[in-house]
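Next come the chains, spelled out residue by residue.
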Amino acid sequence: MPPAHPFDDDKLREECGIFGVIGVNDAANFVALGLHALQHRGQEAGGIVVHHPEHGFNSARRFGYVRDNFTSASVMETLPGPIGIGHVRYSTAGNKGNTAIRDVQPFFGEFSMGGAAIAHNGNITNANTLRRELIERGSIFQSSSDSECIIHLMARSMGRSIPDRMEEALRKVEGAFSVVAMTRTKLVGVRDPLGVRPLVLGKLGDGWVLSSETCALDIIGAEFLREIEPGEMVVISEQDGVQSHFPFRPRKSRFCIFEHVYFSRPDSVLGGRSVYETREAIGRELAKEAPVDADLVCPVPDSGTPAAIGYSLQSGIPYAMGIIRNQYMGRTFIEPSEQIRNMGVRLKLNVNRALIRGKRVILVDDSVVRGTTSRKIKEMILDAGAKEVHFRIASPPTAWPCFYGVDTPQREKLLAATMSEEEMREHLQVDSLSFISLDGLYRAVGEANGRDPKQPQYCDACFSGEYPVRPADMLEQGFQMKAAE
Ligand code: SF4
């Protein structure tokens with residue numbers, strides 16, 4: 001599967017997708033299909049753990065795409081059982097770009113009351129402190145992943161059941177976490193009190209499913225029941241069905257607003273609304289806020305497409321596929337030689353010259369991170385004979401790093417951290433550049449009155465610099481928070 005965006009290294013990247021199922025025959029096959037649907041959330045590696053009453057726990061963890069690893073009979077036959085969980089990852093906070101197989105989740109621990117496996121999406125913001133304390137008290141870590149802290153905290157807990165231990169462990173953890181876990185007989189799902197990362201519950205025949213996104217329920221024919229609430233823990237067994245409780249101190253939710261803009265698949269549903277529709281609404285809002293006289297609205301494929309359609313519908317300027325993406329462009333092809341790699345953008349995208357020549361073009365993209373690819377695309381469009389190029393961006397300027405499970409460059413590498421909007425326009429050498437406002441984005445995701453500055457309804461830290469959870473580890477490493485206004 002090609003990366004979700006052709007300019008993978010100039011985009012923020014979601015670090016994980018998680019999936020679990022209980023009460024079905026051959027859980028591993030369902031987990032593999034679910035992970036395949038979540039592949040856009042992490043393409044570096046994936047893993048599956050299952051349990052069978054006779055064969056016990058079994059697992060497989062591999063680098064690469066799900067479809068290349070979890071389709072062969074020789075692997076899937078080793079994963080029998082009616083309950084299983086899985087994880088796809090980009091790279092955790094532990095070992096960016098230098099992953100060892102021991103960093104690949106799910107993680108497994110053997111406790112006095114039996115084994116348990118966990119898969120985590122998010123980022124623990126006090127992991128360094130926890131890890132130091134745990135190591136001092138005798139824990140032996142196997143990986144560099146922050147998520148492994150949860151297993152060690154569970155091992156130290158005096159809770160009488162695994163869900164009790166998990167609850168106690170997660171109370172010590174700060175940051176963003178959606179977790180899917182399993183014991184021999186139970187599937188467990190938890191979201192952190194702010195509900196930063198998504199997690200949904202589905203029904204599949206007599207069984208149950210937990211998934212990062214609804215698109216993974218569709219692929220296996222499961223029915224979407226509801227989102228797991230922020231701060232909720234569900235413990236699911238074949239015998240008792242779904243038991244829900246709220247073990248954490250209640251907080252007002254702060255779901256990641258960037259899931260709406262870019263991370264989630266457009267065919268998923270978030271907060272009761274289709275992601276596609278929300279992105280189209282973002283495009284409409286952008287057209288209202290930043291109109292420009294032009295001949296064509298073109299998306300930067302594929303992630304800019306719904307916003308470009310919305311911009312076109314609102315403005316009445318025709319929508320056109322001015323840039324065509326090569327669907328079969330995988331990473332492997334660009335690796336063999338430096339010369340080919342330098343062709344970069346042109347290998348992945350081609351301008352539809354006949355359409356572009358002599359036109360004033362509005363290019364709609366989801367975000368600008370470093371800005372390197374925006375510049376290349378602009379050059380391609382001008383080379384093809386465009387008269388003017390106007391960039392419209394479906395998110396506010398990304399000026400701050402994310403510490404909640406999304407890979408972001410260091411702050412200095414973010415174009416918007418060092419330049420004003422006008423400086424960015426000059427740097428990109430485009431005729432005009434506009435980003436949707438933060439209020440406009442909030443309106444597009446369904447908050448009619450925009451952002452509540454006293455109590456923002458979402459996490460928007462990468463735009464606003466207002467972090468809903470103090471990034472303790474990063475502060476320790478010298479990260480400077482935005483000064484209070
Ligand atoms: S900082 Fe940005 S990407 Fe990270 S959770 Fe918040 S909104 Fe999402």
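Just so you know, these numbers come straight off a predicted model, no measurement behind them.

1. Quick look at the overall build of the protein
A tally of regular secondary structure across the protein gives 19 helices and 25 strands. The C-alpha atoms of the protein give 23 Å as radius of gyration, which agrees with the globular expectation for 485 residues (23 Å, within 12%). Expressed along its principal axes, the backbone C-alpha trace of the protein runs to roughly 70 × 55 × 40 Å. Scored against the burial criterion, the 485 residues of the protein give a buried share of 60%. The contacts of the protein with a sequence gap of at least 6 include a subset with a gap of at least 24, amounting to 68%.

2. Description of the pattern of salt bridges
Taken as a whole and assessed by the stated rule, the structure comprises 19 salt bridges. Glu285 is the salt-bridge partner of Lys288, the closest N and O atoms lying 4.0 Å from each other. Of this pair, Lys288 and Glu285 are both found in helix H9 (residues 275–289), three residues apart, which corresponds to roughly one turn of the helix. In this structure, Asp302 and Arg325 form a salt bridge, with 2.4 Å as the shortest nitrogen-oxygen distance. Placement of Asp302 in the loop between strand E18 (296–299) and helix H10 (305–315) and of Arg325 in strand E19 (residues 323–325) is noted, with a sequence separation of 23 residues between them. A cluster of three or more residues bridged by salt bridges with shared partners is formed by Arg41, Arg197, Glu213 and Glu259.

3. Thoughts on empty space enclosed by the protein
In total, this model carries two cavities of 30 Å³ or more according to the counting rule given. By volume, the largest cavity is sized at about 90 Å³. Looking at the lining of the largest cavity, the elements with two or more residues in it are helix H8 (258–263) and helix H18 (461–464). Of the residues belonging to the lining of the largest cavity, the class tally is eleven nonpolar, no polar and two charged. Forming the walls of the second largest cavity are Val261, Arg279, Ile282, Ser303, Ala307, Asp366 and Ala394. Residue composition of the lining of the second largest cavity, grouped by class: four nonpolar, one polar and two charged.

4. Topic: the nonpolar core
Ranked by internal contacts, the top residues of the largest apolar core, which has 76 residues, are Phe258, Leu363, Ile381 and Tyr404. The element that contributes the greatest number of residues to this core is H9, accounting for five residues. With residues up to four places along the chain from it excluded, the contact list for Tyr404 reads Gly122, Asn123, Thr125, Ala176, Val196, Arg197, Cys459, Tyr467, Pro468 and Val469.

5. Quick look at H10
Residues of H10 that are buried include every one of Thr305, Pro306, Ala307, Ala308, Gly310, Tyr311 and Ser312, and no others. Tucked inside the fold, the buried residues of H10 contact H9, E18, strand E21 (360–365) and strand E22 (388–393). Gly316 occupies a position one or two residues after H10 and carries a positive phi of about 80 degrees.

6. Quick look at the site of the ligand
Neighbouring the ligand are 13 residues; Arg197, Cys256, Cys402, Cys459 and Cys462 lie closest to it. Comparing atom positions with the cavity grids shows the ligand to sit within the largest cavity.

What counts as what
Residues numbered from 1 in each chain as written. Predicted model: local features only at pLDDT ≥ 70, side-chain atom pairs only at ≥ 80, totals over all residues. Heavy atoms only, no water. Helix = DSSP H or I, 4+ residues; strand = E, 2+ residues; numbered from the N terminus. Rg over C-alpha atoms; globule rule 2.2 N^0.38 Å. Buried < 20%, exposed > 50% of the residue type's maximum accessible area, 1.4 Å probe, protein only. Contact = heavy atoms within 4.5 Å. Salt bridge = Lys/Arg side-chain N within 4 Å of Asp/Glu carboxyl O. 1 Å grid on protein atoms, 1.4 Å probe; cavity = no way out; pocket = protein on both sides within 12 Å on 5 of 7 lines; lining within 4 Å. Points joined across faces, edges and corners; volume = space filled by probe spheres on them. Nonpolar A, V, L, I, M, F, W, Y, C, P; charged D, E, K, R; others polar. Core = buried A, V, L, I, M, F, W, Y, C linked by side-chain atoms within 4.5 Å. Near = heavy atom within 4 Å. Sits in = over half its atoms within 2 Å of the grid points.

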